[in-house]
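# Observations on the three-dimensional arrangement
Chain by chain, the residues run as shown.
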Amino acid sequence: DPPRKEVPAAIQLCRESHIHVLMITGDHPDTATAVAREIGLGVGEPKVITAQEINPQLLNRDFLHTLDVVARATPSQKLTIVNTLKNAGDIVAVTGDGVNDVPALKAANIGIAMGGHGTQSAREAADIVLLDDNFGSIVNAIAEGRQLFKNLQLSFKYLIMVHMPFIISAAIIPLFGFP
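The structure presented is a predicted model; accordingly, all values stated were derived computationally and were not measured. (Residues numbered from 1 in each chain as written. Predicted model: local features only at pLDDT ≥ 70, side-chain atom pairs only at ≥ 80, totals over all residues. Heavy atoms only, no water.)

The subject of this paragraph is the overall build of the protein chain. On a plain count of helices and strands, the protein chain comes out with 7 helices and 6 strands. In sequence order, the secondary structure elements of the protein chain are arranged as α-β-α-β-α-β-α-β-α-β-α-β-α. A compact globule built from 179 residues would reach a C-alpha radius of gyration of about 16 Å, whereas the protein chain, at 22 Å, exceeds it by more than 25%. Structurally, the protein chain occupies a C-alpha span of about 80 × 40 × 35 Å along its principal axes. Counting over 179 residues, the protein chain shows a buried share of 34%. Within the protein chain, residue pairs in contact and separated by at least 24 positions form 42% of the contacts whose partners lie at least 6 positions apart. In the form shown here, the protein chain has an accessible surface area of approximately 11200 Å², with 61% of it arising from carbon and sulfur atoms. Side chains of the protein chain carry 14 positive and 18 negative charges; the gap between the two charge centres is 6 Å. (Helix = DSSP H or I, 4+ residues; strand = E, 2+ residues; numbered from the N terminus. Rg over C-alpha atoms; globule rule 2.2 N^0.38 Å. Buried < 20%, exposed > 50% of the residue type's maximum accessible area, 1.4 Å probe, protein only. Contact = heavy atoms within 4.5 Å. Areas by Shrake-Rupley, 256 points an atom, 1.4 Å probe, with all protein chains shown as cover. Lys, Arg positive; Asp, Glu negative; His and termini not counted. Charge placed at Lys NZ, Arg CZ, Asp CG, Glu CD.)

Before going further, it helps to spend a moment on the pattern of salt bridges. Scanning all chains against the criterion turns up 5 salt bridges. With a closest N to O distance of 3.3 Å, E6 and R4 form a salt bridge. By relative accessible area, E6 is classed as partly exposed at 28%. A salt bridge links E45 to R37, with the nearest nitrogen and oxygen atoms 2.6 Å apart. Beyond isolated ion pairs, a larger network of salt bridges with shared partners links R4, K5 and E6. (Salt bridge = Lys/Arg side-chain N within 4 Å of Asp/Glu carboxyl O.)

Burial of the side chains of strand 4 (residues 93–96) is restricted to one face: V94 and G96 are buried, whereas none of A93 and T95 on the reverse face is. Pairing of strand 4 with strand 5 (residues 110–114), which is carried by 4 bridges, proceeds in the parallel orientation. Residue pairing for strand 5: T95 is matched across the bridge by I112. In this fold, strand 4 hands off to helix 5 (residues 102–107), which returns the chain to strand 5; that crossover is right-handed. (Pairing = 2+ DSSP bridges. Right-handed = clockwise from strand over helix to strand, strands pointing away.)

A separate point is the side chain of T25. Mapped onto the fold, T25 is located in the loop between strand 1 (23–24) and helix 2 (29–39). Each residue touching T25, except ones within four places of it in the same chain, is listed here: A32, V69, V70, A71, R72, A73 and K78.

Moving on to unusual backbone geometry. If you check the backbone angles, H18 has positive phi at about 60 degrees while not being a glycine. Relative to the assigned elements, H18 resides in the loop between helix 1 (7–16) and strand 1. Residues other than glycine seldom take positive phi values, yet D133 does so here, at roughly 55 degrees. Structurally, D133 can be placed in the loop between strand 6 (128–130) and helix 7 (135–175).

This paragraph deals with the pairing of strand 5. Counting buried residues in strand 5 gives 4 out of 5 residues, a clear majority hidden from the surface. In this sheet, strand 6 lies alongside strand 5 in parallel orientation, the contact comprising 3 bridges. When the sheet's bridge partners are listed, M114 is paired in strand 6 with L130. Taking the sense of rotation as the criterion, the β-α-β connection linking strand 5, helix 6 (residues 120–125) and strand 6 turns out right-handed.

Written as structure tokens, this is what we have:
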């Protein structure tokens, strides 16, 4: 499928937000490279490797963070990559639309199925179903979640600053022996 027009901007937002996007696909490396270039994946030329080229003994988070695309990946290889990242402490979100994505969707911290064109099995395995099949919706949700978290932190700081004088005065009065 051709990439949607919103994807390059969403990929750029991910990069600015320090979110590593790794495209894991069953497609041919040439196809995956063309799509990665079109959506702006990677800095400059995207780093593409086939799943068969990955040495299982060297598979780790640092290695995966150097990649932009893993092509010719089977469902079990997608699952191995997701589990490797999760075991290294990353929070992993997986998007998918087909039966071949189900194991990775299930294993991810957050499985996100494409609801419009996705299979029923992908929708059932996912935690979230996108009705608009838009990667940009995911990035916007992350941005809103981060803003919400920031607002909660600021609210908590405000509450502490406002209530601290009351707490201190309530604690000091009995310490000096006053009723």
